[in-house]
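# Observations on the three-dimensional arrangement
Chain by chain, the residues:
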Amino acid sequence: MLGILYWILNLTVVESVFYLVVAFLLFLIGRHFIEKLQINNLSKRAVFITGCDSGFGRGLALKCLEQGMPVFAGCLTEQGIESLSAEARKSIGNGRSLDAFLMDVTSDESVGEVAKRLEKKCEQYGGLHAVVNNAGITGKHIADDFLDINEYLKVANINLWGPIRTTMAVKKLLKKARGRVVTVASICARVGLPGLGPYSVSKYGVSAYCDVIRQELRPFGISVHVLEPGFFNTPLINREKIDAEILEAWKHAPNEVKQEYGEKFFNDARESTHLFLNSVASSQISLVVDAYFHAITSKHPRSRYQIGWDSILLFIPFSYLPTGLQDYIFAAAGLFLPKPACR
């Protein structure tokens, strides 16, 4: 680009850089105002959200209710239903637009029952405006040697097959309303992080699925949007939960693996995991909720949303580097990380 400006427009390098910066700033300003335009009749735009027991899903359900949108909230537990309904009545005074129900995204039967429920209740709205695939887990934060295939299957069944199963079940309703599919992936769909194998695999997969159906569903007026948040302090990365899962993985690891890595590696890895999460995880959950809401309600939503300083400034730029350079950076970082005993 600099070369084009330099040779065709006869500008100096400094002038070329200046005009590129100005053009980029004008683009950002223009995009900001265009993206502020919102669709109308929110009270007639039905939204279906999975994983509303806590975290992002719960926050989004409440925000949509605040704006008068009909919300269908899938929860894994009765406690999740009760607490969400109580908070909606207390803080918003709008429990009438909320329909919360039990849903297990890993079950064909459960998802099928929800689809039938939505088909009846969305008739008055002319179909379903948006499905938000939010339900997910991280799986165990530990090296692949400590895992088995069942861990990968467990995580993929929720993070990958769950969104696919859910989207396919309500696709007919989305076509009626020319609606939207909004799915949370992760920066781990851009960069495979050591110690997060099952999670990274599932997020790469769901991101690819969204890329495919974005093209396939365009003729039906359906748009597809992916969120790529960094690390946020939600129950998903509760430190006690993570520690318990790491301890469980060590406990059930074969003796040969324990000898290869050593107990010192295990204890240091636990400590470094907590240090990493404490360093990068953000408490501003509203950033993700707002991105979800924008994808649902903007006239001009983005295809992808990068959310959080670690996503925007660290992981997304890193993902564009050549693989060889990424490997060198990982190797350099590895000098300061725990080492297996038999390396």
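Everything discussed here concerns the structure shown above.
This text gives an overview of the structure that appears in the document. Predicted model only: the values in this text are computed from it and were never measured. (Residues numbered from 1 in each chain as written. Predicted model: local features only at pLDDT ≥ 70, side-chain atom pairs only at ≥ 80, totals over all residues. Heavy atoms only, no water.)

## Points about the nonpolar core
Here is the rule: Among the buried residues, those of types Ala, Val, Leu, Ile, Met, Phe, Trp, Tyr and Cys that are joined through side-chain atoms within 4.5 Å form a nonpolar core. Burial classification: accessible surface area is computed with a 1.4 Å probe over protein chains only, and a residue below 20% of its type maximum counts as buried, one above 50% as exposed, and the rest as partly exposed. Any two residues having at least one pair of non-hydrogen atoms within 4.5 Å are treated as being in contact.
Residues Leu 60, Leu 227, Tyr 292 and Ile 296 are the most contacted members of the largest nonpolar core, which totals 35 residues. If sequence neighbours within four positions are ignored, Tyr 292 has contacts with Phe 56, Leu 60, Val 132, Asn 133, Asn 134, Val 182, Val 184 and Leu 227. In terms of nonpolar packing, the next biggest core, distinct from the first, is built from 31 residues, Phe 72, Cys 122, Ala 185 and Val 206 among them.

## Focus: the sheet that holds strand 1 (residues 47-49)
Counted only if it meets this: Here, strands pair whenever DSSP counts at least two bridges between them. Strands are runs of DSSP state E lasting at least two residues, helices are runs of H or I lasting at least four, and both sets are numbered from the N terminus onward. Working convention: axes come from line fits to C-alpha atoms, limited for helices to the stretch in contact. Angles between N-to-C directions cover 0 to 180 degrees.
What the seven strands build is an open sheet, ordered 3-2-1-4-5-6-7; its pairing is parallel. Of all the strands in the sheet, the pair left with one neighbour each is strand 3 (98-102) and strand 7 (304-307). Along the sheet, successive strands turn relative to each other by an average axial angle of 15°, direction set aside. Pairing analysis gives four bridges linking strand 4 (residues 130-133) to strand 5 (residues 180-184), with the strands arranged parallel. Residue pairing across strands places Val 132 opposite Val 182, the latter belonging to strand 5. Contacting strand 1, strand 4 and strand 5, helix 7 (residues 161-177) crosses the sheet at an angle of about 175° to strand 4.

## Digging into the pattern of salt bridges
Put simply, the test is: Here, a salt bridge means any Lys or Arg side-chain nitrogen found within 4 Å of an Asp or Glu carboxyl oxygen.
Scanning all chains against the criterion turns up 15 salt bridges. Through salt bridges with shared partners, a single ionic network connects Arg 190, Asp 211, Arg 214, Glu 228 and Arg 304.

## Let's talk about the pairing of strand 5
With five of its five residues buried, strand 5 lies for the most part within the structure. Judged by which residues are buried, strand 5 turns out to be covered on both faces: Arg 180, Val 182 and Val 184 on one side and Val 181 and Thr 183 on the other are all buried. Of the strand pairs in this sheet, strand 5 and strand 6 (residues 223-229) are connected by five bridges, and their pairing is parallel. Directly across from Arg 180, in strand 6, lies its bridge partner Ser 223.

## Examining the packing of helix 9 (residues 239-251) against helix 10 (residues 255-280)
In plain terms, the rule: Convention used here: angles under 35 degrees read as roughly parallel, angles over 145 as roughly antiparallel, angles from 65 to 115 as roughly perpendicular, and any remaining angle as oblique. As a working rule, the residues Ala, Val, Leu, Ile, Met, Phe, Trp, Tyr, Cys and Pro are called nonpolar, Asp, Glu, Lys and Arg charged, and the rest polar, with Gly in that last group.
Across the interface, helix 9 lies against helix 10 with an axial gap of 11 Å and an inter-helix angle of 170°. As far as their axial angle goes, helix 10 and helix 9 are roughly antiparallel. Packed against helix 9, whose contacting residues are Arg 239, Ile 242, Asp 243, Ile 246, Leu 247, Trp 250 and Lys 251, the element helix 10 presents Lys 258, Gly 262, Glu 263, Phe 266, Arg 270, Thr 273, His 274, Leu 277 and Asn 278 at the interface. Residue composition of the contact of helix 9 with helix 10, by class: six nonpolar, four polar and six charged.

## A few points about helix 8 (residues 197-216)
To be explicit about the condition: The span expected for a helix works out to 1.5 Å for each residue beyond the first.
Compared with the 28 Å implied by 1.5 Å per residue over 20 residues, the 29 Å span of helix 8 between its first and last C-alpha is a close match. Those residues of helix 8 hidden inside the fold are in contact with helix 6 (149-159), helix 7, strand 5, strand 6 and strand 7.

## A word on empty space enclosed by the protein
Applicable threshold: Detection works on a 1 Å grid of protein atoms alone, calling trapped sets that fit a 1.4 Å probe cavities and calling open sets with protein on both sides within 12 Å along at least five of seven lines pockets, with lining residues defined by an atom within 4 Å of a point. Grid points are joined across faces, edges and corners, and a volume is the space filled by probe spheres set on the points.
Per the counting criterion, the structure on display carries one cavity of 30 Å³ or more. Of the pockets and cavities examined, the largest cavity occupies roughly 40 Å³. Lining the largest cavity we find Thr 50, Val 105, Asn 133, Asn 134, Ala 135, Ile 158, Gly 162, Pro 163 and Thr 166. Sort the elements by how many residues they give to the lining of the largest cavity and helix 7 lands first, with three residues. Counted by class, the lining of the largest cavity contains four nonpolar, five polar and no charged residues.

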